[in-house]
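# Chain and residue survey
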Amino acid sequence: MTAMIEVTAVNKHFGDAHVLRDVNLEVAAGEVVVVVGPSGSGKSTLCRCLNRLETVTSGEVRIDGRPLPREGRELARLRSEVGMVFQSFNLFGHRTILDNVALGPIHVGKRDKARARADGLELLERVGIADQAGKYPAQLSGGQQQRAAIARALAMRPKVMLFDEPTSALDPEMVSEVLDVMVGLAADGMTMVVVTHEMGFARRAADRVVFMDSGQIVESGSPDEFFTDARSERARTFLAKVLSH
């Protein structure tokens, strides 16, 4: 299968802290990879390196066969191809939900305003909040805001979607509504890298689970392999803790 994401010998330092250690990872087009591991294991840093929100200290990241550009228009174009959804929703509070979704396509993608808004409404319908299009972020629940953030990322028609702990800021009853949208994206064939503590989502939607600890990928396998027969002692210890709750 064609590799959509290629991470080769990537290291990342924050001062004296060596947070990514010789990380190698390939994600095929249409594959859903869920990255799990204890806090501080490097999961979010790896995710942020995939669209150059963090620069790697050494090694290389390629998206759809091209190395990540350093700056300028090429970097802006890459970020339009790699959508990202964060723990915090990062919506513009002074703009309506529909405006939030349509802004990128109009200003970055140079799409016709009417077309961008029509496409935005379709995306809001897809994530189940078309009836909230005229409201402002503060008027929506956390789950609705996160679904709006997903629609905003999809509006740029990305090749890849990155999710960095997309449900960790949500009340428990709102988690499933966001995960259901993500399961739908996975079923539609979107290439996805998801950093999450939601083991149920990993079982349900992942093609592959990657376990990280101490800045390294310790093991990688199908959900069945990982959850029923983890190979490393570190992964087994991690699962014993998270699955006992």
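Residues numbered from 1 in each chain as written. Predicted model: local features only at pLDDT ≥ 70, side-chain atom pairs only at ≥ 80, totals over all residues. Heavy atoms only, no water.

Within an unreviewed UniProt entry, the label attached to the protein reads Amino acid ABC transporter ATP-binding protein, and the organism entered is Cryptosporangium minutisporangium. Quoted verbatim from the Sequence similarities (unreviewed entry) field of the UniProt record, the comment on the protein reads "Belongs to the ABC transporter superfamily." (UniProt positions renumbered as here; feature names shortened; annotations may be inferred.)

Moving on, we get to the nonpolar core. Among the nonpolar cores identified, the biggest contains 50 residues, and Ile 150, Met 161, Phe 163, Met 182, Met 192 and Phe 201 are the most heavily contacted of them. Filtering out sequence-adjacent residues up to four positions away, Phe 201 remains in contact with Val 34, Leu 179, Met 182, Val 183, Met 192, Val 194, Thr 196 and Ala 206. The next biggest cluster of nonpolar side chains, apart from the first, holds 28 residues, and it includes Leu 20, Val 33, Val 35 and Ile 63. (Core = buried A, V, L, I, M, F, W, Y, C linked by side-chain atoms within 4.5 Å. Buried < 20%, exposed > 50% of the residue type's maximum accessible area, 1.4 Å probe, protein only. Contact = heavy atoms within 4.5 Å.)

Take the UniProt feature "domain: ABC transporter" (unreviewed entry) in the protein next. Taking the numbering used here, the UniProt-annotated feature "domain: ABC transporter" (unreviewed entry) corresponds to residues 5-239. With 39% helix and 26% strand, the stretch residues 5-239 has end C-alpha atoms that lie 27 Å from each other. (Helix = DSSP H or I, 4+ residues; strand = E, 2+ residues; numbered from the N terminus.)

This part takes up the pairing of strand 10 (residues 216-221). As paired strands, strand 9 (residues 208-213) and strand 10 are joined by five bridges and run antiparallel to one another. Residue pairing across strands places Phe 211 opposite Glu 219, the latter belonging to strand 10. Between strand 9 and the antiparallel strand that follows it, strand 10, lie two residues; Ser 214 among them carries a positive phi value of about 55 degrees. (Pairing = 2+ DSSP bridges.)

Now for the layout of surface pockets. The calculated volume of the largest pocket comes to roughly 530 Å³. Arg 79, Met 84, Arg 152, Ala 153 and Met 156 are the residues nearest the centre of the largest pocket, which is lined by 20 residues in total. Of all the elements in the fold, those that place two or more residues in the lining of the largest pocket are helix 2 (72-81), strand 6 (82-85), helix 3 (97-107) and helix 5 (142-154). Sorting elements by how many residues they give to the lining of the largest pocket places helix 3 first, with five residues. Of the residues that constitute the lining of the largest pocket, the class distribution is 12 nonpolar, six polar and two charged. Here the second largest pocket defines a volume of roughly 190 Å³. Lining the second largest pocket, in full, are Cys 49, Arg 52, Glu 54, Thr 55, Val 56, Gly 59, Glu 60, Val 61, Pro 67, Leu 68 and Arg 70. The element that contributes the greatest number of residues to the lining of the second largest pocket is strand 4 (residues 58-63), accounting for three residues. (1 Å grid on protein atoms, 1.4 Å probe; cavity = no way out; pocket = protein on both sides within 12 Å on 5 of 7 lines; lining within 4 Å. Points joined across faces, edges and corners; volume = space filled by probe spheres on them. Nonpolar A, V, L, I, M, F, W, Y, C, P; charged D, E, K, R; others polar.)

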